[in-house]
Amino acid sequence: MAAGFQILTVTQLCRYVKSLLEEQRQLGDVMVRGEVTGLTYRQSSGHLYFSIRDEGGLIRCVMFSRYVQNLPELPEEGAAVLVRGTATLYERDGAFQIITYDLQPLGQGQGKRDLDALKRKLAEEGLFREEHKRPLPPFPDTVGIITSREGAALQDILHTFRRRGYGGRVIVYPCAVQGAGAPASILRALERLEEEALCQAAVIARGGGSSEDLSAFNDEALAYGAYGCPVPVVSAVGHEVDLSILDLVADVRAATPTAAAELLSPDREALRQRVLGLQRSVSYRTKEQIQRRRARLAQELRLLSARSPGERVAGNRQKLRFLVRLLKDAQQKKIRDRRGRVLYLLRQLELLNPAAVMRKGYSVTLAEGKALSTVEGLRPGQELRTLLADGEVISAVCSYHKNEGEEKDHGAERDH
Amino acid sequence: MEQKETIEQSLRRLEEIVERLGEDTVSLDDSLALFSEGMKLSQRCMKQLDEAELVVEEHSVS
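Residues numbered from 1 in each chain as written. Chains lettered and ligands numbered in written order. Predicted model: local features only at pLDDT ≥ 70, side-chain atom pairs only at ≥ 80, totals over all residues. Heavy atoms only, no water.

Trainee: Before we go on, may I ask you to explain the overall build of chain B in this structure?
Mentor: Secondary structure summary: chain B contains two helices and one strand in total. Going residue by residue from the N terminus, the α and β elements of chain B occur as α-α-β. Burial analysis of chain B (62 residues in total) assigns 34% to the buried set. Carbon and sulfur atoms form 49% of the exposed surface of chain B, whose accessible area is close to 4000 Å². (Helix = DSSP H or I, 4+ residues; strand = E, 2+ residues; numbered from the N terminus. Buried < 20%, exposed > 50% of the residue type's maximum accessible area, 1.4 Å probe, protein only. Areas by Shrake-Rupley, 256 points an atom, 1.4 Å probe, with all protein chains shown as cover.)

If you want it as structure tokens, here you go:
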């Protein structure tokens, strides 16, 4: 051992290194960029503990409450930040750290970039497509719940099912929802659910709370697992900021485990009403079927009887009766017409009856047995017979003359 | 164990029956058979609904 070699206590070495660092003026005020990780906010003290890192290293940081108060918001896990502070050694842990008094966001961190890249890749592969989303069964009687056995999510779901009177079977497939093993654990639970093939829908749930550890639901293998699940998958991860990859792949995204349970448990009373409604429809429509047939049958019967032989004979008989009546009518009319004509003629004859005429004062004069109608051919002294209504007169022609204007030729004769 | 129809299956079948009963082409025999099936099915549904109890199980994941 060389002379002057000194044995130091831990405290001495820490103090020595710390003093070396503090001698370096430029370390008193540094600006360092990195990605936030391991963020812990101590509610009680108000101090913020975190680390910043890049591909090559990691530095622990502490920000005391009086500076934390100035921050508009706490940084997110994975966020790229610019840290300003004093680089020094924390003697208690022998750890190099930055006492931070300012923290600025620097856009997206690597973790966020990776996540975005994965989202893009899965989107391109079609895992998020709307047309691949399946509707939830409206009345599932067996539902699988993939969640932590101890978490609030399970209690919320069961409570909701009870509240809505859901009378189905709920199978819990326990898994870890946080930590490095969570994605694989969730995936195993999902596979078990698929193997058993008892459930009509699967809920992957986690209660709300620490928002920094959603990484389990951003897992690529889980994304493929949920996408390939034969029954619809509901994501109920209970956070609001960002959609996880599981949210995007799932057939339905529920804001909370409670909402997921509501989506899967039909209201019992509504169901009951629906069944009663269908029952009424069945009996109403059956009645309609029977009535329709009865009406059709009645119509057929009417048609049939109209075409029966009896009906035809009756129809023909009626037609015959009608024709006979027509005939009779025609005959009678003819008879009536003839009788009318005879009467008319008789009346005409009566008018012409010489006896009737003679009763009115007219008479007929006969010469040589023939009725006289002209003076021509008469001879004086010729015997005439005049027939009256009640007898006859015998006379002789004394003279005669012809009426004037009757015939010009006879004018002289008249004067004769 | 009896293979029970799910409520969903029963409802779907009931809807089918109602649909069929609305058609002009269904025969009288068929409509009577559909009626009796529909009545039985809806009664069974109601019974199922009234008696259904929430069952919670935990299945181990290897």
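Having put the structure on the table, let's press on.
Trainee: It is not clear to me how the environment of Leu-193 of chain A should be interpreted in this structure. Could you clarify?
Mentor: Residues and elements named next belong to chain A. As for its position among the elements, Leu-193 is in helix H5 (residues 182-196). For Leu-193, a relative accessible area of 2% gives the class buried. Expressed as a C-alpha distance, the spacing of Leu-193 and Cys-229, which sit 36 residues apart in the sequence, is 9.2 Å. When neighbours within four sequence positions are excluded, Leu-193 is seen to be in contact with Gly-144, Ile-146, Tyr-173, Leu-198, Cys-199, Ala-202 and Val-231. (Contact = heavy atoms within 4.5 Å.)

Trainee: Looking at this model, I keep getting lost on helix H9 (residues 268-306) of chain A. Mind explaining?
Mentor: Quick reminder: α-helices carry 3.6 residues per turn. Residues three or four places apart thus point the same way. In this model H9 of chain A runs 57 Å from its N-terminal to its C-terminal C-alpha over 39 residues, within 8% of the 57 Å that 1.5 Å per residue would give. Buried within H9 of chain A we find Arg-268, Leu-271, Arg-272, Val-275, Leu-278, Gln-279, Val-282, Thr-286, Gln-289 and Arg-293 of chain A. Tucked inside the fold, the buried residues of H9 of chain A contact helix H1 (7-21) and helix H2 (28-51) of chain B. (Expected span 1.5 Å × (residues − 1).)

Trainee: For this particular structure, what's the right way to read the interface of chain B and chain A?
Mentor: The extent of an interface is frequently quoted as the accessible surface area lost upon association of the parts. Counting from both sides, the interface comprises 40 residues of chain B and, opposite them, 40 residues of chain A. Both sides of the chain B and chain A interface together cover about 3500 Å² of buried area, and 62% of this is carbon and sulfur. Taking the shortest distance from any N to any O, the salt bridge between Arg-274 of chain A and Glu-15 of chain B comes out at 2.3 Å. Linking chain B with chain A are 19 residue pairs in polar contact (both at pLDDT 80 or more), by the criterion used here. Broken down by secondary-structure element, the contributors of at least two residues to the side of chain B that touches chain A are H1, H2 and strand S1 (55-58) of chain B. The greatest single-element share of the side of chain B that touches chain A, amounting to 13 residues, is contributed by H2 of chain B. Taken together, the residues of the side of chain B that touches chain A sort by class into 20 nonpolar, ten polar and ten charged. Where strand S7 (residues 169-174) of chain A and S1 of chain B come together, four bridges link them in parallel fashion. Its bridge partner lying in S1 of chain B, Val-170 of chain A is registered against Val-56 of chain B. (Buried area = accessible area lost by both parts, 1.4 Å probe. Salt bridge = Lys/Arg side-chain N within 4 Å of Asp/Glu carboxyl O. Polar contact = N/O pair within 3.5 Å; in protein donor to acceptor, adjacent residues only side chain to side chain. Nonpolar A, V, L, I, M, F, W, Y, C, P; charged D, E, K, R; others polar. Pairing = 2+ DSSP bridges.)

Trainee: Please clarify how the packing of aromatic side chains should be interpreted in this entry.
Mentor: The geometry of two aromatic rings is summed up by the distance between their centres and the angle between their planes. Residues and elements named next belong to chain A. Scanning the entire structure with this criterion turns up two aromatic pairs over all chains. Note on Tyr-67 and Tyr-101: the rings are 6.0 Å apart at their centroids and 50° apart in plane angle, and the pair reads as tilted. Placement of the pair is Tyr-67 in helix H2 (residues 65-68) and Tyr-101 in strand S5 (residues 95-105), with a sequence separation of 34 residues. (Phe/Tyr/Trp six-rings, centres within 6.5 Å; stacked < 30°, edge-to-face > 60°.)

Trainee: Help me understand the pairing of strand S9 (residues 233-236) of chain A in this model?
Mentor: A regular strand places its side chains on the two faces of the sheet in alternate fashion. Residue and element names in this part refer to chain A. The alternating pattern of S9 places Val-233 and Ser-235 on one face and Val-234 and Ala-236 on the opposite face, and all of these are buried. Of the strand pairs in this sheet, strand S8 (residues 201-205) and S9 are connected by four bridges, and their pairing is parallel. Bridged to Ala-202 within S9 is Val-233. Where S9 lies against strand S10 (residues 252-253), two bridges are found, and the strand directions are parallel. Paired with Val-234 across the strands is Val-252, a residue of S10.

Trainee: Teacher, can you tell me more about the sheet that holds strand S12 (residues 370-371) of chain A here?
Mentor: Backbone-to-backbone hydrogen bonds pair the strands of a sheet. The strands run either parallel or antiparallel. Residue and element names in this part refer to chain A. In spatial order, the strands read S12-S11-S13-S14; together these four strands make up an open sheet with antiparallel pairing. Both edges of this open sheet fall to S12 and strand S14 (391-396), since each of them pairs with a single strand only. Here two bridges tie strand S11 (residues 364-367) to S12, and the two strands are oriented antiparallel to one another. When the sheet's bridge partners are listed, Leu-366 is paired in S12 with Ala-371.

Trainee: What should I look at first to understand the pattern of salt bridges in this one?
Mentor: Side chains that carry opposite charge are capable of pairing whenever their charged atoms lie near each other. Residue and element names in this part refer to chain A. In this structure the tally under the stated criterion is 25 salt bridges over all chains. The closest approach of N and O atoms between Lys-333 and Asp-337, which form a salt bridge, is 3.9 Å. With Lys-333 and Asp-337 both in helix H10 (residues 309-352), this residue pair falls four residues apart, about one helical turn. Judged by its relative accessible area of 47%, Asp-337 falls in the partly exposed class. Where salt bridges share partners, they join Arg-15, Lys-18 and Glu-91 into one cluster.

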